[in-house]
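Read off the chains here:
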Amino acid sequence: MIRYGQMPDTPLGRLWIAKSDKGVVALEFQEDVEELTQSLESIFKQKPILSQDAIREEAAQLDRYFQGKQINLDLKVDWTRFREFQHDVLLAVFNIPPGQTKTYGQIAKEIGRTNNSARAVGRAVATNPISIIIPCHRVVGVNGELTGYGGPGGIKTKAWLLSLEGFEFGQQLQFPL
């Protein structure tokens, strides 16, 4: 059973949280609840149920995260929706500690692929449906460049999230020109 609810007042706008009995399945920044429910129904082949109570703990932790009071989230993820490669990539991303970064190439090597797999890793990261909890903002380009971020605000949000976690911006991390 998929349940979902919303956090209307995050610094990034309205955030919808969806979860199964195994953990979070989606975090979506969007206004259109109909689009969200259709997407969840298409993926999980069942009608999701609106339930603020079901997402209470996730919302509380994310609220503390956005306030900078809890940068180590302790939330379960439902990994069953992912294919093997995406699972391996996103699990490696999930394990990057707050305030630290890894490159796409480092992730590729960590999961037993060659550095040439960095683009495939990038595609898997770009389709991450559980951003922030699976912290794709902690993955950077080969030279430490902040590369694309699919959440609201793009790269500026990626930089803000890293700053929130205490990342020290320096020569190792560069904004794109």
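Scroll up a little and you will see the structure.
As a starting point, this report considers the structure included with it. Every value quoted in this text rests on a predicted model; they were computed, and no experiment measured them.

1. Remarks on the nonpolar core
No. 1: Core analysis: the largest hydrophobic core is formed by 35 residues, its most contacted members being L27, L62 and I132.
No. 2: Sorting the residues of this core by element identifies β2 (13–19), β3 (24–28), α2 (56–66), α3 (84–94), α4 (104–110) and α5 (118–126) as the ones contributing at least two each.
No. 3: Those residues in contact with I132 that sit more than four places away from it in its chain are L12, L27, F29, L62, Y65, F66, L73, H137, Y149 and L161.

2. Some points on helix α1 (residues 33–44)
No. 1: For α1, spanning twelve residues, the distance from its first C-alpha to its last is 16 Å, which sits close to the expected 16 Å at 1.5 Å a residue.
No. 2: Within the sequence span of α1, burial applies to L36, T37, L40 and F44. One side of α1 carries all its buried residues, which in axial view fall inside an arc of 95 degrees. Of the exposed residues in α1, the ones pointing more than 90 degrees away from its buried face are E34 and Q38.
No. 3: Contact partners of the buried residues in α1: β1 (3–10), β2 and β3.
No. 4: You can read the cap of α1 off the contacts: a side-chain oxygen lies 3.0 Å from the backbone nitrogen of E34, and it is on D32.
No. 5: One or two steps after α1, the chain reaches K45, where phi turns positive at roughly 55 degrees.

3. Description of the layout of surface pockets
Which parts of space are left empty comes out when a probe the size of a water molecule is rolled across the atoms.
No. 1: Approximately 310 Å³ is the volume found for the largest pocket.
No. 2: Along the walls of the largest pocket sit 17 residues, with A126, N128, Y149, G150 and G151 positioned nearest its centre.
No. 3: Here the element with the most residues in the lining of the largest pocket is α5; it accounts for three residues.
No. 4: Looking at side-chain class alone, the lining of the largest pocket contains nine nonpolar, six polar and two charged residues.
No. 5: Counted as a void, the second largest pocket has a volume near 190 Å³.
No. 6: Contributing to the lining of the second largest pocket are T103, Y104, G105, N115, A118, R119, G122, V140, G141 and V142.
No. 7: Residues belonging to the lining of the second largest pocket are distributed by class as follows: four nonpolar, five polar and one charged.

4. Points about α5
No. 1: Buried within α5 we find V121, G122, A124 and V125. Projection of α5 onto a plane perpendicular to its axis shows the buried side chains occupying an angular sector of 165 degrees, all on one side. Opposite the buried face of α5, at more than 90 degrees from it, the exposed residues are R119, R123 and A126.

5. Side note on the pairing of β2
Each regular strand carries side chains that alternate between the two faces of the sheet.
No. 1: In terms of burial, β2 is a largely internal element, five of the seven residues being buried.
No. 2: Taken together, the six bridges between β1 and β2 define a ladder with antiparallel strand orientation. By the bridge assignment, Y4 is partnered in β2 with A18.
No. 3: In sequence, β1 turns back onto β2 through a hairpin of two residues.
No. 4: Of the pairings in the sheet, the one linking β2 to β3 comprises four bridges and is antiparallel in character. In the strand pairing of β3, W16 is matched with E28.
No. 5: The turn linking β2 back onto β3 is made up of four residues, and G23 within it adopts a positive phi angle of 150 degrees.

6. Let's talk about the sheet that holds strand β4 (residues 49–50)
No. 1: Taken together, four strands build an open sheet; the order of strands is β3-β2-β1-β4 and the sheet is mixed. Sheet topology places β3 and β4 at the edges, where each strand pairs with a single neighbour.
No. 2: Contacts between α1 and the sheet are confined to β1, β2 and β3, with β1 contributing the most and set at about 145 degrees to the helix.
No. 3: Packing of α2 onto the sheet brings it into contact with β1, β2 and β3, and relative to β2 it is tilted by some 140 degrees.

Criteria and thresholds
Position numbers for residues start from 1 in each chain and track the written sequence from start to end. Given that the model is predicted, a residue must reach a pLDDT of at least 70 before its local features are reported, and side-chain atom pairs must reach 80 or more before they are shown or counted; all residues, however, enter totals for whole chains, interfaces and linings. Remark: hydrogens and water are excluded; side-chain values derive from all non-hydrogen atoms of the structure. By convention a nonpolar core is built from buried Ala, Val, Leu, Ile, Met, Phe, Trp, Tyr and Cys residues, the set being connected through side-chain atoms within 4.5 Å. Summary of the burial criterion: residues with accessible area below 20% of their type's maximum are buried, those above 50% are exposed, and those between are partly exposed, where the area comes from a 1.4 Å probe applied to protein chains only. For the purposes of this entry, the term helix denotes a DSSP run of H or I that reaches at least four residues, the term strand denotes a run of E that reaches at least two, and both are numbered from the N terminus. We call two residues contacting when some pair of their heavy atoms lies within 4.5 Å. In a helix, the anticipated span is given by 1.5 Å times the number of residues less one. By definition, the arc is the one covered by directions from the helix axis to the C-beta atoms. Whenever a nitrogen or oxygen atom comes within 3.5 Å of another N or O atom, the pair is scored as a polar contact, on the condition that within protein one atom can donate a hydrogen and the other can accept it, and that pairs from neighbouring residues in sequence are kept only if both atoms are in side chains. Cavities and pockets were defined on a 1 Å grid built from protein atoms only: a cavity is a group of points that admits a 1.4 Å probe but offers it no way out, a pocket is an open group of points flanked by protein on both sides within 12 Å along at least five of seven lines, and a lining residue is one with an atom within 4 Å of any such point. Grid points are joined across faces, edges and corners, and a volume is the space filled by probe spheres set on the points. Residue type decides the class: Asp, Glu, Lys and Arg count as charged, Ala, Val, Leu, Ile, Met, Phe, Trp, Tyr, Cys and Pro as nonpolar, and the leftover types, Gly among them, as polar. We treat two strands as partners when DSSP finds at least two bridges between them. Fitted lines through C-alpha atoms serve as axes, helices being fitted only where they are in contact, and the angles separating the N-to-C directions of these axes extend from 0 to 180 degrees.

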